[in-house]
Every structure is written in structure tokens, then in C-alpha cells.
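This is what each chain is made of:
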Amino acid sequence: MIEKLSLACDRLLSHRQLACCHSFCGIPLHGKEMMIYSTVDTEQKPLLLTGHHGEISAMTFGKGSNPVVLCSASADYIIVWDIEMCQKRTNEGKVAAGTVIGTLLGEVVHLSFCFSDERVTACSGATVYILSSKREEVICTLTGHLGPTTSAEFCPWTKDILVTTSEDRTFKVWDLKTGAVFYQSFVLSASPLLGAFFLEENRHLITGSTDGQVWCFSLHDDHKCHLVTKMDLQKMEKRYQMHQETVSHQAGVADQSAADKVETAKPVLKMALCTQFTDTNDEQKKDNSWLCIGSSDGLYVVDLATSELLTALYFKDHPNLSITMAGSWSVSLGRDNSMVFLVTSLFTPCVVLLELKLCDLGRIWACGEGLSVFPSSPPLLESPLNAELKKKEPSHPKKKGGAKEQPLVFHSKVKSSGYTSAPRRIMFSPKTNVQKNSSSKKANKNIGLLLRDYPTDSAAPTIPHIHHSVANKPVNCLQYSGDGKQILCGLGDSSVLLYKSSLTGNPAVYTGHDRPVSSVSWSLNRQWWLSASEDQSLRIWAHGSTEPAIIVGDSLFSKPIRGAQFYYLDKFLLFASGPSLYLYLYNVDITRDDIKRYQQRSVVKRCFTTTSPTDITALSAVNDFFSYIVLLCGSDRSIQVFDMNKSTNASELHDAHSRAVHCITLNKGSMFSTQAPDSYNLFLTSAVTDGVKIWDLRTLRCVRRYENHQNRCHPCSSAISPCGRFIASGSEDNCAYVYDIRSSSYLHKLQKHSDTVLSVTFNPATPELLTGTLDGKLRLFQSSSGACLSPDTGAAVHGIPNMTGLHARAPESGRAGVSRKNLPVVRPQSDVSVGPTVT
């Protein structure tokens, strides 16, 4: 920050509202007069304005630039000044004069213009006056707060909406046409609210209090405010300082001594939007998510998308400034991509004009790690990804000399001679009604459905379609197969269910685990799938068999397996147990010898393991294409980026959440959709009490935060849609939440679940969302832009009427609950023939 002007005053102005705009700034002089300085040329002679008989208590400039108007208030008058006309009259030797718009309205503590500069709000006591800026006229008077009002701001997108804050710790949304209250907030804090600020792009309302709390609400056309996020300056500062200490420790810089660290209160004195631009070498990109907060000890720059502190500019770190503690702030955008601040000193009669270059602020977070899920080079020779499994060829005993045994016939079946059958009475009967086989058409139809693209412009799946009861046990995990035709459902009763995507018919039940199933995963070729459980074992199942083809475990691991999945185009098994990460080669062979039936022919072999400093709670990696990156979450709240090619930790992020991450999901897309390459570098993390965060792997920084859902104790999962536009999350308020990936406020709230929503997953082929609850219920949601049939072409038509007018009824089992006692342990009929089918 650069100090452009420092003014010594004749009295303390610590809590006065001073005026600042892009061209001028104004301060009281001798209590009743005002001096208007140029912010562009501080050497220019200031303009003197007189006319008040009482002490000036508030000042503000209008929103427009031509003409520039100023409003000032005292106990006797409220006056509006045209700065250009006053400057002209002063140059002519005349006395500058303004227009009186209010008389004897009490001690005014806050003034504000509307965006057309036609109206002015004046806060005096518990009353807010709406005045005309052209003449002395009180348009309306607003009363209703239980304490003195502290601010009043006009809504930029609706001219007849006003928001007021008060020392009664609430804010109100007013309708200026009728003078009625649209919305009144609850008591937000134990401290008074000081101000309000609008974000027009997102239609958000932000308010702050004297104890450093900041609330962000969405304000839509219904004029009802919904909380988007809540921030605490002190907590954000502690996280920021811990990050800085980690960076300093890695750089070998000595930490600040404890004696120099003094904790101070951080009132939210002023808020303003900090428009960020990238460097001129790149495409100039605008980001309106940075918020400048002026407090008593400095300026805080907060990213509203992530609720994180980007940087803090303390007065104590700039010894050349004439101020150490601030009493009030006035903020405005300056020229040449800068911001100007008019700040009063808290304890001394001093006012300073500061300037901040936004390009310098943008460079603070411009650097990145340069990581990507896409490999930039082939695997190294010593990479564990080059490991191969040596398959043993079956050895047959060689027979000694002699004639070999030969079959008596050359066919596997011999036609009967027909002696026992009845004699033929009709020797020949030609077929005249031969119809062509329609199997080729059906096959082509199925292939066309398989290759259909995922609709990138469809609405979010929010229409309830099927409600299905599984069992009175938690649905811990859900996953669709790659073609979207089948669903794996891992339950808390140690079993796994395999459904058709339409949820019709009885599912196949797979048992064998001794404890709740924690994760399930499909192979890329959909020929087999795996399940991992709290019993410290992993099982691989193949089509056509009710018994696992491979069992990994049996006292090999000391802790439960986390995040088990197929990896590197189905070449490896990847999972974690305790602090160790394991990579296994495997070969599934489901053939059996009738004599040695219980002898497994499948092979599994450990090829790599590494140990982390802490227990691994979740992991994620890409299996749909070659990628070296494996994301690991630790119980110490860290996120590690492990490079499997080099067998080393590429990067690590400490304190990613306030609690340990229980769910991490890479944006994997699907075979039916294509996203921009950079989109695959995004990943989600979920933690109890800390919401959902989306991260950019290239910079390893949080880019947005979603916390409208409730997650206080259960490990609710989250998922990214195949098109990359939506995020779904479970919640403990018996709802599932769907977010637009570009906004922190929720897009849809899917209600009427019977219990906590633990698991959510998107269908990779069609816009469908499947949710699983704590009490064992499944709900399927479809898109409102045209509910389509399930990609399972063999399934019955859905029973609930959809948006396209289909009213065919499905079997009752597709809509009603299925009792676990009546479920057969068999393989279901599959549309993709990959092996023998048991019916």
C-alpha cells in the first residue's frame, strides 16, 4: 500500500463516515466545514465547502461520475453538493452552495445514494429516512429496528429494495414502494452489524459485525435470504498464518517471535469488491469473487468462492504509513487498475489516503505447482507402473509312445437313428411365410443407445422418479457401471447388491464380508467389480459367479481398507490401509477344475507399497485413461498428490479442511461425455462440519466452497456430474443438494428423504441422480428437460409418468420396497454378455 496523502485534523474522526470516490475525497474541517481533495493530484488546492451549522457526522459521494455529487449530514441539515458547480463558483470568487434536502433529522451516522443518484438514505437512531437528492422531500420513513441503525444500502438490481443493518444484530430487506419488510433476519451475532454490501453478479448480500463475523446471503426474486457461507476473520487469519509459517519453514525463514504476536479485535468496518485481473501476458480475466474488508489493523482480501483469506495487509508491516489502527474506512476504485482508501486513525486525529495496485495483489496468488492428471512423458523404466504379472502356463504330463486315443466320431453329438420315433407321414412341406430376423435391427438399436452422447445442456436431475427400499441398513456406497446399466450398492450389513439401473426386478445379493462394506468399484471393461469392507478384506467378483474370484486380506492388513478401486486401465488394484498405499497386480481366472473345485486360479501380487506419515482416510485416481496422479487424504487433514510414476509425493497441502477428509472425488467424466481438458484437473473433498470444497490440481488451491448442506457427524459423499456442470452432496437434514459448480449457493434441494443421505452418484450415460440413505432407501431423480428411459434396454418402462408422456406401468417390485428375506442370491440377466449367466 502507498500513502498518497496524510492529513492532521483538529479533532478525532475515528468513527465518522468519510467520503471517497475515484476522483475526490472529503474530510470535515473544524467540525462544520469540509475539504475536498483530488485523489489523482494531491498537490492540487482543495475545495472548501461551508454551509452546516452543526458538526458534520457523515459524508458520501454519489455512484455516478458525471456529475460528481456529495452528500453531507449534520444535526441541522443534510446537503447535496455538485462538486463541479462548486469548483466553478469558487474559481469565480463566489461561495460554493449546495441543496438542502433534509432538516433537523437528528444525528445521522450513515448516508448512501441509490445507483441513479436520485435518492439518499439517512440513518438516524432507529429510523431510516429516504430523501430526494434534488429537493427537500422525505419520500418515506422506515422504522422497525429495535436498536440504532448502522447502515442502509440500495439494491443494485432492484431499485425499490433497501437493506438496513442495526445494532440489534439483525438486517431487514424493505420494499420502498409500500414501506413493508420483505425479510427480517434472525439475530446473527452477539455483536452489532456494521454494514451491508451487494454482489450484483451473483445476487448476494454480505454483512459484517464488530466481532469479525461475515455472512453471505443469496437474495433472489422472492426477496428471501438464504445463507450461502459464513466466515470468521480471526479463524481465517489463523489458517492463513499457519500456511505462511509452513511456507517460511520450508524456505528456512525464521518465524515471528511470540512476543510480537498480539491478537486484536477485527471489526468489519467496510467492504468493497476487489476486481482481480490476470497479468497482461495472459488473457485478461476478470474475477469478482475477491472481497476487500477494512478492519482496525489492516486490509483483508477474502475469496468469497472459497471462504479463505488470500492475503492480509497489516498497517504494522508498513512502517512508512502514518496510521497504525483504523477507526473507519471509505473505499473506491481508482484509476490504472487500483483502489483508493480513505482511512481515519482510531486513536489520533489523522486521516490518510492510501492506494493499492491490484496487479501487485494478483501476483500474490499467481504462481502454481503445474500438476496435471494427464501424463507429460512415458513411464520411467523403474516405475512400478511397468510391472507385469507372470502368468503360469498349465503344464500337461507328456505321454510316452504308443497310439493316441482318437474319438470314434468327428462331432460332439451323434444324431439318433430314429428307430424309436413315429414314422413320418409328410415328407416335404415348404415354408412360405418366412420372416426376416429382426435381431440385427435390435442389435443396431442397442448399439446406438450405447453410443448416445450425454446431454451437456440438460437441467439438473431433480424430478423424483423411483423410491426403492433396500433394507434397514445404511447405504454406504453407490456406483454405476461405465455404461450406466447396472448399479452396485454397498450396505452396512456387509452385503453388496447389484441392480439394474432402472431399479426394477430383484437384485443379486453378494455376501461374504463380515463387516459393513466401505467401497465398491467397477472395472473399466465391466467384466468384474470389487468390494472392500471394514473387515480388512477386498474381494473381486466376476460375472456368472456367486463366489469371489479373488480375496485379498485375511490378516494381511491391520486396519480397514479405504478407497479401493481399479487403476491404470484395470491393470492394478489400488487401495489404502492405515498409513500405507498398496498397488497390486492381478489376474482373474474364473475357470474351475471339477476335481479341485476349491482351488483358486486367479492370481494377485503386490508390486508396490508406500507409507504415509498419517493414516489415509480417502483416495482417488483415474482409471478411464492413463494417469500417474493419486490423491491421498490423511487423518491430519492434509491432501497429498502422489506421483505413482516416480513413486514419490509430488506435493502436499496441509489443513485442507478443519476435519479429516472422508470423501475425495476426481472429475472423471464418463465415456458418454467430453469436457475441456483442464476440467479433469478439478476434484472434490468433503469433511465433517466443513462442507465440500472443489480444488484445482494445477495450483493445488481451493477454487470454490459449498456449505449449504448439513454434515455434522456422518460421512456424506459428494459427486460431480458427467457433464461437469453440477455437484451433488448428501446431507443430514434428509435432503440431497445439487449445486451449480460455478456458484456457492445450492441450485436444488431434493427433499422428502426418509433419513440422512449418505451416498450420491450420477448416471454416466443419462442425466440421473441416485441417492442412498442411512435407513436403506434408494431414490432416483431424473432431469426436468426430458426424462429419458434407462440405458438398460432390457428393463421395463419406468412406472412413474415422466416428462415425455410415457405412462406405462412397471412391475410393483420396481416401485415398492423389496424384503431382504425374499432376495435370491443369483446373478441378474445382463444386457452386456461377458460370461455365463445364471438364471
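Quick caveat: nothing in here was measured; it's all calculated off a predicted structure. Note on numbering: residues in each chain are counted from 1, in written sequence order. Thresholds applied to this predicted model are a pLDDT of at least 70 for local features of residues and 80 or more for the giving and counting of side-chain atom pairs; totals over whole chains, interfaces and linings are not thresholded and use all residues. With hydrogens and water stripped out, all remaining heavy atoms of the structure feed into the side-chain values.

Attention now moves to the pairing of strand β4 (residues 33–38). Only protein chains enter the accessibility calculation, which uses a 1.4 Å probe; a residue whose area is less than 20% of its type maximum is buried, one above 50% is exposed, and one in between is partly exposed. Helix numbers and strand numbers start at the N terminus; a helix is a DSSP run of H or I with at least 4 residues, a strand a run of E with at least 2. Counted residue by residue, β4 has five buried out of six residues, so it is predominantly covered. Strands qualify as paired when DSSP identifies two bridges or more between them. Of the strand pairs in this sheet, strand β3 (residues 24–29) and β4 are connected by six bridges, and their pairing is antiparallel. Bridging across to β4, C25 finds its partner in Y37. From the end of β3 to the start of β4, which pair antiparallel, there are three residues, and H30 there has a positive phi angle of about 55 degrees. Here β4 runs beside strand β5 (residues 47–49); their pairing, made up of three bridges, is antiparallel. Bridge pairing in β5 places M35 opposite L48.

With that settled, consider the nonpolar core. Nonpolar cores were defined as sets of buried Ala, Val, Leu, Ile, Met, Phe, Trp, Tyr and Cys residues, with membership established by side-chain atoms within 4.5 Å. Ranked by internal contacts, the top residues of the largest apolar core, which has 24 residues, are F315, M339, F341, V343 and L354. Sorting elements by how many residues they give to this core places strand β28 (residues 350–357) first, with four residues.

The next subject is the sheet that holds strand β12 (residues 127–132). Strand order in the open sheet formed by four strands is β10-β11-β12-β13, with antiparallel pairing between adjacent strands. Either end of the sheet is taken by a strand with one partner, and the two such strands are β10 (108–113) and β13 (138–143). Direction aside, the axes of adjacent strands within the sheet are offset by 20 degrees on average. Axis geometry follows a simple rule: fit a line to the C-alpha atoms, using only the stretch in contact for helices, then measure angles between N-to-C directions, giving values from 0 to 180 degrees.

Attention shifts here to the packing of aromatic side chains. One pair of aromatic rings is described through two measures. These are the centre distance and the angle between the planes. We call Phe, Tyr and Trp rings a pair once their centres come within 6.5 Å, taking the six-membered ring for Trp, and we label the pair stacked below 30 degrees between planes, edge-to-face above 60, and tilted otherwise. In this structure the tally under the stated criterion is 27 aromatic pairs. Here F171 and Y183 contribute two aromatic rings whose centre-to-centre distance is 5.9 Å and whose plane-to-plane angle is 40 degrees, an arrangement assigned as tilted. With F171 in strand β16 (residues 171–175) and Y183 in strand β17 (residues 180–184), this residue pair connects regions lying twelve residues apart in the sequence. Exposure class is identical for F171 and Y183. Each is buried. Between the aromatic rings of F557 and F575, the centroid separation amounts to 5.4 Å while the plane-to-plane angle is 85 degrees, which identifies the pairing as edge-to-face. Of this pair, F557 sits in the loop between β37 (550–552) and β38 (561–567) while F575 sits in strand β39 (residues 572–577), placing them 18 residues apart in sequence. By the ring-pair criterion, three or more aromatic residues cluster together here, those being F557, F575, Y582 and Y584. When the ring centre of Y314 is taken as origin, the NZ or CZ atom of K316, which lies over that ring, is 5.4 Å away. For a Lys NZ or an Arg CZ to count as sitting over a ring, it must be within 6 Å of the ring centre and within 35 degrees of the ring normal.

With that out of the way, let us pick up the sheet that holds strand β6 (residues 58–61). Here four strands make up an open sheet; going across it, the order is β6-β7-β8-β9 and the pairing antiparallel. Two strands bound the open sheet, and with one partner strand each, they are β6 and β9 (99–103). Within the sheet, the average angular offset between the axes of one strand and its neighbour, ignoring direction, is 15 degrees.

Our focus in this paragraph is a nonpolar patch on the surface. Patch rule: a residue counts if its relative accessible area is over 30% and it has no salt bridge; like charges are joined within 9 Å, and nonpolar side chains (Val, Leu, Ile, Met, Phe, Trp, Tyr) within 5 Å. Throughout, the Shrake-Rupley method with a 1.4 Å probe supplies accessible areas, and for residues the shown protein chains are the sole cover considered. The rule for a salt bridge is simple: a side-chain nitrogen of Lys or Arg has to be within 4 Å of a carboxyl oxygen of Asp or Glu. On the surface, L524, L569 and F626 cluster together to form a nonpolar patch covering roughly 230 Å² of accessible area. For F626, the location among the structural elements is in the loop between β42 (616–621) and β43 (629–634).

A separate point is the pattern of salt bridges. Pairing is possible between side chains of opposite charge, provided their charged atoms come close. Tallying each qualifying case throughout the model produces 24 salt bridges. One salt bridge connects D10 with R11, and the closest N-O pair in it is separated by 3.6 Å. The shortest N-O distance in the salt bridge between E237 and K266 comes to 3.2 Å. With a gap of 29 residues between them, E237 in helix α2 (residues 233–251) and K266 in the loop between α2 and β22 (270–277) connect regions that are remote in the sequence. Both residues of the pair, E237 and K266, count as buried. One continuous salt-bridge network, built from bridges that share partners, spans D10, R11, R16 and E55.

With that settled, the discussion passes to the UniProt feature "repeat: WD" (unreviewed entry) in the protein. UniProt positions are given in the numbering used here, feature names are shortened, and annotations may be inferred rather than shown by experiment. Those places that UniProt annotates as "repeat: WD" (unreviewed entry) correspond, in this numbering, to residues 142–184, 510–541 and 750–791. Taken end to end, residues 510–541 is 0% helix and 53% strand, and its two terminal C-alpha atoms sit 9 Å from one another.

Residue-level confidence of the predictor is what pLDDT reports, using numbers from 0 through 100. Confidence in the prediction for the protein averages 84 pLDDT; 81% of positions are at 70 or higher. Counting contacts from residues 277–285, a segment whose pLDDT is below 50, to residues more than four positions away or on other chains yields nine contacts. Any two residues whose heavy atoms approach within 4.5 Å are treated as being in contact. Confidence drops under pLDDT 50 across residues 440–445; counting only partners more than four residues distant or on other chains, this segment forms zero contacts.

Next up on the list: the environment of L269. One can find L269 in the loop between α2 and β22. Residue classification places L269 among the partly exposed residues on the basis of a relative accessible area of 23%. Separated by 254 residues in sequence, L269 and H15 place their C-alpha atoms 9.4 Å apart. Once residues lying within four places of it in the same chain are set aside, the contact partners of L269 are L194, G294, S295, S296, A326, G327, S328 and W329.

Below, the discussion takes up helix α1 (residues 83–91). Between N or O atoms, a polar contact is any pair within 3.5 Å; within protein, one atom must be a potential hydrogen donor and the other a potential acceptor, and residues adjacent in sequence are included only when both atoms are from side chains. Of the residues that open α1, the one with a side-chain oxygen 3.2 Å from the backbone nitrogen of E84 is D82. Positioned one or two residues after α1, G93 has a phi angle of 85 degrees, which is positive.

When a strand is regular, its side chains alternate between the sheet's two faces. For strand β7 (residues 69–73) and strand β8 (residues 77–82), the ladder comprises five bridges, and the chain directions are antiparallel. Counted as the bridge partner of S72 is I79 from β8. Hairpin connection from β7 to β8: three residues lie between these consecutive antiparallel strands. By the bridge criterion, four bridges tie β8 to β9 in an arrangement that is antiparallel. Looking at the pairing, V80 lines up with T99 of β9.

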